[in-house]
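Overview (structure and organization)
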Amino acid sequence: MFKIFKRNKKGVSPLIATVLLIGFTIALAVLIWTFWGNIIKQQAEKTGAQTLGEFDCASKVSFRVKDVCYETNKLVFDLENTGSTTIDSFSMSIKGSSDTVLEKLNIVIKEGEAKQTRLSYDANVGTLEEIIVFPVIIREGAPTTCTEKTVILDIINACLPA
């Protein structure tokens, strides 16, 4: 009646299939590990630098702002580093009657050093009301703004003529 055709089927033996699956799994794991390993390493380095910066902010940064006055669109003041580490720059929030602007002061002050500096600011600020000075340090290439070490200046007089 019915003829059963036997085909000569040859498949992959279970042992070979298992070895191939394990090989593909290991290759996939290596690719994922390589990709994610670099990302995790970069994140760990960034976090380490940030933590070091925050530690140094809390324990080593200290400064004073002295003799603050303003000229036409310029602040004139003395900065003194009283801490035990170099301050790499400063960020300043300048609040006036009309506007508030953020300015960056690129000045490096080593420990124990004092410098007089001038900073130009936007004339649209209006009458100066408050200046907040934030020290910035750089550790392992990562800048850290020391927000807990700010100095707030709320009395700013005009500079006396020379």
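Residues numbered from 1 in each chain as written. Predicted model: local features only at pLDDT ≥ 70, side-chain atom pairs only at ≥ 80, totals over all residues. Heavy atoms only, no water.

Before going further, it helps to examine the state of the cysteines. Taken as a whole and judged by the stated rule, the model has two disulfides. With its sulfur 1.9 Å from that of its partner, cysteine 57 forms a disulfide with cysteine 146. Given an S-S torsion of about -65°, the disulfide between cysteine 57 and cysteine 146 has left-handed geometry. You can see cysteine 57 sitting in helix α1 (residues 14–60) and its partner cysteine 146 sitting in the loop between β7 (142–145) and β8 (151–153), a full 89 residues away along the chain. The burial state of cysteine 57 is the same as that of cysteine 146; both residues are buried. Note on cysteine connectivity: cysteine 69 is disulfide-linked to cysteine 159, with sulfurs 1.9 Å apart. Taking the sign of the torsion about the S-S bond as the criterion, the disulfide between cysteine 69 and cysteine 159, at about 90°, is right-handed. Of the two residues, cysteine 69 sits in strand β1 (residues 63–71) while cysteine 159 sits in the segment after β9 (157–158), which places them 90 residues apart along the sequence. Of the two residues examined, cysteine 69 and cysteine 159, each falls in the buried class. (Disulfide = S-S within 2.5 Å. Helix = DSSP H or I, 4+ residues; strand = E, 2+ residues; numbered from the N terminus. Buried < 20%, exposed > 50% of the residue type's maximum accessible area, 1.4 Å probe, protein only.)

So, on to the nonpolar core. Val65, Phe77, Leu79, Phe90 and Ile94 are the most contacted members of the largest nonpolar core, which has 27 residues in total. When contributions to this core are tallied by element, the ones reaching two or more residues are β1, β2 (74–81), β3 (89–96), β4 (100–105), β6 (128–139) and β8. (Core = buried A, V, L, I, M, F, W, Y, C linked by side-chain atoms within 4.5 Å.)

Here the focus is the side chain of arginine 139. Topologically, arginine 139 is positioned in strand β6. Of the polar contacts made by the side chain of arginine 139, one reaches the side chain of aspartate 56; its length is 2.6 Å. Among the polar contacts made by the side chain of arginine 139, one reaches the side chain of threonine 85 at a distance of 2.4 Å. Excluding residues within four positions of it along the chain, arginine 139 makes contact with Ala49, Leu52, Gly53, Asp56, Thr85, Thr86 and Asp88. (Polar contact = N/O pair within 3.5 Å; in protein donor to acceptor, adjacent residues only side chain to side chain. Contact = heavy atoms within 4.5 Å.)

Summing up the model confidence of the chain, the mean pLDDT is 88 and the portion of residues at 70 or higher is 92%. Across the chain, the secondary-structure element scoring lowest on mean pLDDT is α1, at 86, and the one scoring highest is β3, at 94. (pLDDT = per-residue confidence, 0-100.)

Strand order across the open sheet formed by four strands is β5-β2-β1-β9, with mixed pairing between neighbours. Only two strands of the sheet have a single neighbouring strand rather than two, namely β5 (114–120) and β9. Pairing between β2 and β5: seven bridges, direction antiparallel. Bridge assignment links aspartate 78 to a residue of β5, and that residue is glutamine 116. (Pairing = 2+ DSSP bridges.)

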